[in-house]
Amino acid sequence: MKSTARKIAIGCMIGTMTFAGQVGVAKAAERPIAGIDIVLNSFYENGENTNISIKEFLKTDLASEFKDIGIAQVTNYVNIRKKANEQSKILGKLYNNSAATILGKKGDWYRVKSGNVTGYIKADFLATGDTVEELAKTVGTKIATVNATTLKVRENPSLEARVLSLVPIGEELEVKKDKEDWIKVAYGNGGLGYVSADYVDIRTEFEEAISIEEEKARLAAQEAERRAQEERERNQTRSYSSSGSSSSSSSSSSSSSSSRKPSSSDSSNSSSTSSSTSSKSSLRDKVVSYALQFEGNPYVWGGTSLTRGADCSGFTQSVMKHFGIYIPRTSRSQAASGKTISMSNIQKGDLIFYSRNGVINHVAIYIGNGKVIGASSRREGIKIKTYNYRTPVKVVSYLG
């Protein structure tokens, strides 16, 4: 019971104030407000804690973040199988330094879940326990989620330092350095600054497994893009070769054109409607084809470069901008604009949005066949995934 109270206090003491029985979220927060007494009381009341420090006591809760995590330590990848034997069907692959949640153990096998794959991995191929905490420092990406209404980003780790930016609740910042009281983070368009550790929730993200279906879809998308690129190059070559002959025949074409009869107005209108529909479909294909060119490029928080690095909304904004479609900068703003459509009516090129704690914080481009492409994380970069690898909360179209 005491342990439960302590965990609840740690999760709730940050970012709230109580006045006359009402709870309000702290604004422009930088200092803790209440709740640490509950944690310390639990520490002092527990007689088993007499031989450990307060720091070690609190650390036991933090270390639990990795208690059910296994990280692949292999040359390339390890197969995730349907059953706990080497002859069982392969469901997916967990690449080196990627992580899985351990659900249980059966003999020499772990039952795990990673990404959209749930199955079995030979225990020999997974690092667990204290090793995971050490590996996480190098193969994981720390993300700080703001839990105060507005959080100040400062130039230095001090309350007297200049304020560089104000970050809203729910915003995710990549952690560059994790100190005891201050966190160095990346914000905005690649800027660096410090935020109070008391007003962010920190988690570690790892690369996850890829299912056999997802891998097939990725390879198919890459092959389709390769063929499309070859076709574009062939068309360009034909265009260059025909440009010379077109100029020599222009005079005869001009003279013969005067003898042609104009088409009827009904035919013209029908052709115009067909052309408009075809144009929209063609634009969607072009948007998807263009977005797929950047698969594998880096994720950079606050970035908008499709080659040097972009975050999720920077990626979608830059892809749309290429086609003269200008959309807002952040995922929440992008979700609030455009035309909201139902999931059942989604088409290629539409944007799918995801949320955490009720706040939209991620966006990706739908590419068809139940897949999306987006700038996922620093570890994953720009990557193709199934549309429901997280639960979608909204679909918006900017393509008509």
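We now turn to the structure provided with this report. (Residues numbered from 1 in each chain as written. Predicted model: local features only at pLDDT ≥ 70, side-chain atom pairs only at ≥ 80, totals over all residues. Heavy atoms only, no water.)

**Looking at the sheet that holds strand β20 (residues 339-341)**
Here 6 strands make up an open sheet; going across it, the order is β20-β25-β21-β22-β23-β24 and the pairing antiparallel. Here the strands that pair on one side only, and so sit at the sheet edges, are β20 and β24 (381-386). When the angles between neighbouring strand axes are averaged without regard to direction, this sheet yields 40°. Judged from the 6 bridges that link them, strand β21 (residues 351-356) and strand β22 (residues 359-368) form a sheet pairing that is antiparallel. Bridge assignment links Phe353 to a residue of β22, and that residue is Val363. Together, β21, β22, β23 (371-377) and β24 form the strand contacts of helix α8 (residues 312-321), whose direction differs from that of β22 by roughly 45°. (Pairing = 2+ DSSP bridges. Helix = DSSP H or I, 4+ residues; strand = E, 2+ residues; numbered from the N terminus. Axes fitted to C-alpha atoms, helices over the stretch in contact; angles between N-to-C directions. Contact = heavy atoms within 4.5 Å.)

**Looking at the packing of aromatic side chains**
Using the criterion set out here, one finds 5 aromatic pairs in the structure. Aromatic side chains Phe66 and Phe206 sit 6.3 Å apart centroid to centroid with 75° between the ring planes, which places their arrangement in the edge-to-face category. Pair noted here: Phe66 is in the loop between α3 (54-63) and β3 (69-72) and Phe206 is in the loop between β16 (200-205) and β17 (210-211), with a separation of 140 residues, a long-range link. In this structure, Phe66 and Phe206 share a single accessibility class: buried. Taken together, a centroid distance of 5.6 Å and an interplanar angle of 85° make the contact between Tyr290 and Phe323 edge-to-face. (Phe/Tyr/Trp six-rings, centres within 6.5 Å; stacked < 30°, edge-to-face > 60°. Buried < 20%, exposed > 50% of the residue type's maximum accessible area, 1.4 Å probe, protein only.)

**Observations concerning the environment of Ile352**
Topologically, Ile352 is positioned in strand β21. Since its relative accessible area comes to 0%, Ile352 is described here as buried. Sequence separation between Ile352 and Val393 is 41 residues; the distance between their C-alpha atoms is 7.7 Å. Filtering out sequence-adjacent residues up to four positions away, Ile352 remains in contact with Met343, Ile346, His362, Val363, Ala364, Tyr366, Val372, Tyr387, Pro392, Lys394 and Val395.

**With respect to the nonpolar core**
Core analysis: the biggest nonpolar cluster contains 46 residues, and Leu173, Val195, Phe315, Val319, Leu351 and Ile373 have the highest contact counts within it. Counting residues per element, this core draws most heavily on helix α7 (residues 265-292), at 5 residues. When residues no more than four places from it in sequence are discounted, the contact partners of Val195 are Leu151, Lys152, Val153, Leu173, Asp181, Trp182, Ile183, Val185 and Val200. (Core = buried A, V, L, I, M, F, W, Y, C linked by side-chain atoms within 4.5 Å.)

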